[in-house]
Amino acid sequence: MWGSHPMTLYILRRVFGFLVTLLIAAAVIFLLLDLLPGDPARFILGINATPEAVAALRLQMGLDDPAIVRFSNWLFGMLRGDFGLSQTQKLPVAGLIAERMSVTLPLTLFAMVISVAIGLPLGILAARHRGKLIDTALMVLAQTGVAIPNFWFGMLLTLLFAVTLRWLPPGGFTPWNEDAWASLRGLVLPSLALALPQAAILARVMRTALVDVSTQDFIRTARAKGMTFGEALWRHGVRNALLPVLTILGLQFAFLIAGTIIVENVFYLPGLGRLIFTAISERDLVLVRSATIILVLVVSFTMLVVDLAYGLVDPRLRERRI
Amino acid sequence: MSLVEITGLTISFGGKPAISDLSLTINKGDRFGVIGESGSGKSLTALAITGLLPENAEVSGAILFDGAPLPQDEKAMARLRGQRIGMVFQEPMTALNPLMRVGDQIEEALKLTGHDGDSAVAGLLEEVGLEARHAERFPHQLSGGQRQRVMIAMALASAPDLMIADEPTSALDVITQRMVLDLIREICDRRQMTLIFISHDMRAVAALCDRIAVLRGGKLVESGAIKEVLSRPAEAYTQKLVAATRMAPRQGEPHVADKTLLEVDHLTRAFSQGGFWRWGQQPLLAVNNVSFRVSAGECLALVGPSGCGKTTLARMIVGLDSATSGQVHLEGTSYRGSDLPPARRADLSLVFQDPFGSFNPRLSIAQSLGEPLRLVPGLDHGEHEQRLVDAIESVGLERGMLARFPHEFSGGQRQRLAIARALVTRPSLVVLDEPVSALDVSVRGDVLDLLAQLQNQFGLTYIIISHDLDMVAAMADRVLVMEAGKIVEEGKPAALFAAPQHRLTRALMQARLPDVAA
Amino acid sequence: MSWRNMLKHPGLVIGLSATVLFAILALLSLIWTPYPIADISIARRFATPGPEHWLGTDQLGRDMLSLIMSGTLTSFTVGAMAVLIGAGIGVPLGLAAAIYGGPVEWVVLRFSDLAFAFPAVVIAILIATLMGPGASNAVIAIGIFNVPVFAQVARGGALAISTLDFVAAARLAGLSRPMIALRHLLPNIASLIIVQGTIQLSLGILAEAGLSYIGLGTQPPATSLGLMLRDAQSLFLIHPWLSLAPGLAIVVIVIALNIAGDGLRDALDPRLRNRGLANVAG
C-alpha cells in the first residue's frame, strides 16, 4: 500500500536539501575567497605589483563585474565543467584537479572499504561476546587505534613494511596509465594508514550500537521464539544497529577525505592535498576555491548517500515528513 | 499433572535478592494468574521459567518443565522455548522488530519450529482477528491493539503447551485491553493451552484465570483457586489489593455552586500533519469545537479513549497549548491558551500523570515546589517558606522533606508532592491528568482520598482526566465523554453509567472488567 | 558527583589521572623546562635518551622532553579552545532549536548540515589562504568543526528532557523559554555535554597534530606535537625516534582522554546518555 510514493518523496526532499546545502556552501566559499580579500587581483599579485598588472589581472578574472554576476558565472561555469584558469600554472583548474583526484579518490575509497571490512565484523564479534576476554582485547585494541594519528601510523607502516621488510614502496606514485599494478602497490600503505584508525572507531561504534540494541525488547521476543542470544543478535540486532553506524560512516568519509590530504604528505603522493598546498603558498585563489568546493561536494554527496541508505533500511523514516 | 514446577527459586542481583524461596506449581490446563505490584518479582518469575533472565542474575532452586529440569545448554533451552512456550510482552511496539514486516516476523517463528509457509501466517493472523493483508505492514503501521495481536499470533506459531502473557494489556487503552483479554481467553479455551498471566490488575486476573499467586517484594504471599483467594483472602496484603479494586461511588451531595468558574467556548485545536512538506494534508482536529462550563466547587471528569483529545483540551485550559479557534473564559479573563496572563496563572494548576517525570532531578523539593510562587508577587521570604510548609503538610508529608531530592521519594509520595506543588499558589481550579494511573494499585485509594479531602478543605474545583470509569464514578459530580475531539455525552456518573446513550460510552462500559467479587 | 562515586569507576580515575599528569607537565613548561626549547646546539644533536636528556635531542640539538612538554601545552590549548568555541556556540544553538522549534530549529539544522560539509582541513585551508597558517587558525578551524557536534548533542538531549512533565510544570509556573533552558534543560544535559567535550578535546588534539603536520597549524618558533612530527619527517628513516616520541605522546594523551570520557559517561547518567543518543540518531 505504500509503494514508491513516500520513498520518491523522501529522495526528492533529501536531494533538495543537498542542493541547498551545496549552494550555501558555494556562497560561503565565494564570500571568503572573492569578497573578503578586497581586491583578489592585488591579493594574488602581492603589494609590489604595478597598477597595470593588477588592472590586467582584474580584467582577465572578470573582477569588474558585480559580485552576484561573478558568483553566478562561477556556478554556471562549474556546471559546464569550467572551473576557471589557475593563476599561477596558467592551466584549466578542472584538468589539474581531475589529475590529482585520480590519486585521492581511489585512496579514500580503498580506505573506506578496508575500514568497513575490518571494523564492522570486529564490532559485531565484540558485542556478541561482550564482557568476555575477546571483547576486552578487541576494545583495548580499538581504544588504542582510535588514538593513533593516521599520518603517524603511516610512518610506522613505512618503517615496518617498506624499510625493514621491503615488501612495499615507501612512497611516491606511478601514474595509473603507466603501470596500474605499481600504482596499486603504492596505495596499499597509505590506505592502511587511513583505514586502521577509522576501523577502530567503526568497531567501537558498531559494538556500542549492537549492545544497545541487544537490550531491546524485540531481541527478547526473538529469543522467546526459540533463538539463542547470538542468533537473535545476528538476525534482528545487526540491521537495527546499522542505523547509528550509518551516520558515523557518513562522517567518516569526511574524515577520510581530510585524512587523505594529510597522509599524502607521508607517502609523497601527488594528490589533491599537494595541489592545494602549492595553491595556498602561491595565493592561487581560483584553484583553492575550486578545490574546496569539490571537497565540500564530495562530503555532502556522501551525507546524501547515507541519508538515502537510512531511508532504505528504516521504513519509519520514509514516512516521516520533516 | 504439573507443567511447571518451581521449588525454592531465589534470584539475586549483586547479592540483593529479587525473588526469595518461591515455590509454585502450575498444572496442565491451568489459567494461572500471577499478581503483584512493581518490584514484586512477577516478571522475573516468567523470565526464569523461559530461561531469559539477564546474565548477571544469580539463580538457585529448581524449575521443572513437564517433569524435566530446564536444559542448561543455551541452544537446547532456546529450542524448548520456541517449541513449547509462547510469550506475549507488555509493550508491543518495542517487542516487534521495527525494520521487519510483521508477516515475516510471524513466519520466522513458524520456521524456527519446523512449520512453514504463508498459509500458516494467514491462518494465525485470522485466529487473532487480523486480516492477511496486515502481514505486509511494518509494526509502526499498526495500532497498539493490532501489534499485540501480532505478538499473540507469533506466540501461537509453535502451537505451544504454555503461553506466558506478561502484562499484555497495560500499554493498551480500555476498549482494546478488553478485546485482547477476551482473545487470550478464547484461544486458551480453543487450544486447551496452559496460561500464565502476569498482571498488576486484580480484575483482569479475576476475569481470566482460575488459579492465582500473589507476590510481594519477591515473596509468595498466598496462592490458590481464584474464588477462594478473592472471596476469603487470608493475608492482609491480599485483602488490601482486593479492597483497592472496589471504589465506592461518591457519597453525599454534589458540591456545586451556581457560579460558573470556567467556560470553554467553541474550542478547536488543529495540528498540521508534518512540517515543511505538507501540501494536501488535512489538519488533524485534536479538539473539535468543544464547549462546556465548570461551576465553582464542582468535580468534572473528562473521559475517553487515548487520542480522543482530552489531554490536549486540558493543556489549553491550563495555558500550555493554544487553541486554533475559540476561547476559554476564567472569571472574566478570556484566553486561547498560552496567552493566559501570568497574573491569572496562579488560579489554575495541573497535576501530571507520571510522578517520575514531573520533578527536575537536579532541584530540591523546595525549589520545585517554590517555582510556581513566582506567579504570586509580593511574598517575602517568610511567607514564601510558610507557603511551602503549608503545601507539603496539607498533602500529609513533613516539612523536613523540602530539603530532599526527588529520587528519595516513592511514586505515591511524589504524586503527593505534585499535588502540593499544584496547591502552593492556592488556585481555585486544579486539573488532574490521570492522577493515579501510574501508581501502584495499593496507594491509589490513599491519593484519591487525599484529593477528595483537599477539595472539601479548600473548596477546590477539579477537572479530572481519566480513562478509568470506576475512579470517575468515585470522584466526579459530572462526566463528559469525549471521542475524536468532540464531546459525545454528558451526565451525572450514576445516571450515565447506568444508561449510557452514546456508542462509545456503551463500549467503554462493556470494556469494564467485572468486579472481582462477582 | 562525589569522590566515592568516582572511585567506583576505575577507568575514570586512571584516565583522569593520566590526563591531569600530562596537563601538569604541559603547564609546567610555561615556567620551567629541563632545557630552554630555543636552545640550539649542533654539537649535541641526535643524542639518544640518557641521564642528561631523558628523551634525547633532535636534529638541532634541542631537548626532546622540553619540546614535548611545550608541544603538549600547545596541543591541549588548541584542543581546549576549540571545545570552548564549539560548546559556546553549539550548545546555545542546540538549546534554541529544541525550545523554539519551527523555523529556528530549521535554520539550526540547516546550519549544522552546512558545517558538517566543511571538514576541519577545508576550513583550515580557507583560513590559511586568507591569513596564512598559525595556531589560532587551527583553533578556529577545529572550533567551527565542533559547533554542529555540540549543537546536535544539546538539541537531542534537550528534546528528550523537554518532553518530561517538569518542563511543562515550569511553563505553568510562568517561566520563559530561555529561563526553562537555563534552569531545567541545561543542568540535565550538562553530563552529555561534558562527555562530548572530552571526546572533542581528544579529536581536537588529533586534528591539531594533523594540521600542524601539513603546515596549516602551529608555526615555529612555537612548537606542538604535530609540528615536531613535521620537523622530523625528512629524518624519519634515519632517526625514527624523533617521530616516535611525539607520536607516542599524542597516542597516550588521547587514550587517557578517551578512557576518562568513557568513565565519565558511565559515572554520570548512563540512562540519559542512551536517551540522548537515541535522539541524535533519530
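Refer to the preceding data block for the structure.
J.: What's the story with the nonpolar core in this structure? I'm lost.
T.: The nonpolar side chains of soluble globular proteins are, as a tendency, buried together. Counting 168 residues, the largest nonpolar core has A:Ile97, A:Phe151, C:Phe118 and C:Leu185 as the members making the most contacts within it. For this core, the element with the most residues is helix α10 (residues 229-267) of chain A, which contributes 18 residues. In contact with A:Phe151, other than residues within four places in its own chain, are A:Ile262, A:Val263, A:Val266, C:Ala209, C:Gly210, C:Tyr213 and C:Leu229. In this structure, B:Leu24, B:Leu70, B:Leu80 and B:Val205 belong to the second largest nonpolar core, which totals 84 residues.

J.: Would you explain the pairing of strand β13 (residues 299-303) of chain B in this entry?
T.: Taken residue by residue, a regular strand's side chains alternate between the two faces of the sheet. All names here are of chain B. In terms of burial, β13 is a largely internal element, five of the five residues being buried. On β13, burial covers both faces: Cys299, Ala301 and Val303 on one face and Leu300 and Leu302 on the other are all buried. Bridging between β13 and strand β18 (residues 461-466) involves five bridges; their strand directions are parallel. Residue pairing for β18: leucine 300 is matched across the bridge by isoleucine 463. The pairing of β13 with strand β19 (residues 478-483) spans four bridges and is parallel. Its bridge partner being in β19, leucine 300 is matched across the sheet by arginine 478.

J.: Just checking my understanding: could you explain the packing of helix α7 (residues 165-172) of chain C against helix α8 (residues 177-213) of chain C for this structure?
T.: The description of two packed helices rests on the angle between their axes and on the distance between the axes. Residues and elements named next belong to chain C. The contact between α7 and α8 brings their axes to 10 Å, and the two run at 165 degrees. With respect to their mutual orientation, α7 and α8 come out roughly antiparallel. As for how α7 packs across α8, the hand of that crossing is right-handed. Across from Phe166, Val167, Ala170 and Arg171 in α7, the residues of α8 making contact are Ile180, His184, Leu185 and Asn188.

J.: Sorry, what's going on with the sheet that holds strand β14 (residues 325-330) of chain B here?
T.: Consider a sheet: its strands pair through backbone hydrogen bonds, and that pairing is either parallel or antiparallel. Residue and element names in this part refer to chain B. The four strands lie next to each other as β12-β11-β14-β15, forming an open sheet whose pairing is antiparallel. Either end of the sheet is taken by a strand with one partner, and the two such strands are β12 (284-295) and β15 (333-335). Direction aside, the axes of adjacent strands within the sheet are offset by 15 degrees on average. For strand β11 (residues 260-271) and β12, the ladder comprises eight bridges, and the chain directions are antiparallel. Residue pairing for β12: phenylalanine 271 is matched across the bridge by leucine 284.

J.: Looking at this structure, I do not really get the sheet that holds strand β4 (residues 57-65) of chain B. What am I missing?
T.: All names here are of chain B. Spatial strand order, β2-β1-β4-β5: four strands in an open sheet with antiparallel pairing. Across the chains shown, the open sheet's two edge strands, defined by having one partner strand only, are β2 (16-27) and β5 (68-69). Bridging between strand β1 (residues 2-13) and β4 involves eight bridges; their strand directions are antiparallel. Across the sheet, the residue bridging to isoleucine 11 is valine 59, located in β4. The strands touched by helix α1 (residues 42-50) are β1, β2 and β4; relative to β1, the strand with the most contacts, the crossing angle is about 115 degrees.

Rules used throughout
Residues numbered from 1 in each chain as written. Chains lettered and ligands numbered in written order. Predicted model: local features only at pLDDT ≥ 70, side-chain atom pairs only at ≥ 80, totals over all residues. Heavy atoms only, no water. Core = buried A, V, L, I, M, F, W, Y, C linked by side-chain atoms within 4.5 Å. Buried < 20%, exposed > 50% of the residue type's maximum accessible area, 1.4 Å probe, protein only. Helix = DSSP H or I, 4+ residues; strand = E, 2+ residues; numbered from the N terminus. Contact = heavy atoms within 4.5 Å. Pairing = 2+ DSSP bridges. Axes fitted to C-alpha atoms, helices over the stretch in contact; angles between N-to-C directions. Parallel < 35°, antiparallel > 145°, perpendicular 65-115°, else oblique. Left-handed = near helix turned anticlockwise from the far one by under 90°.

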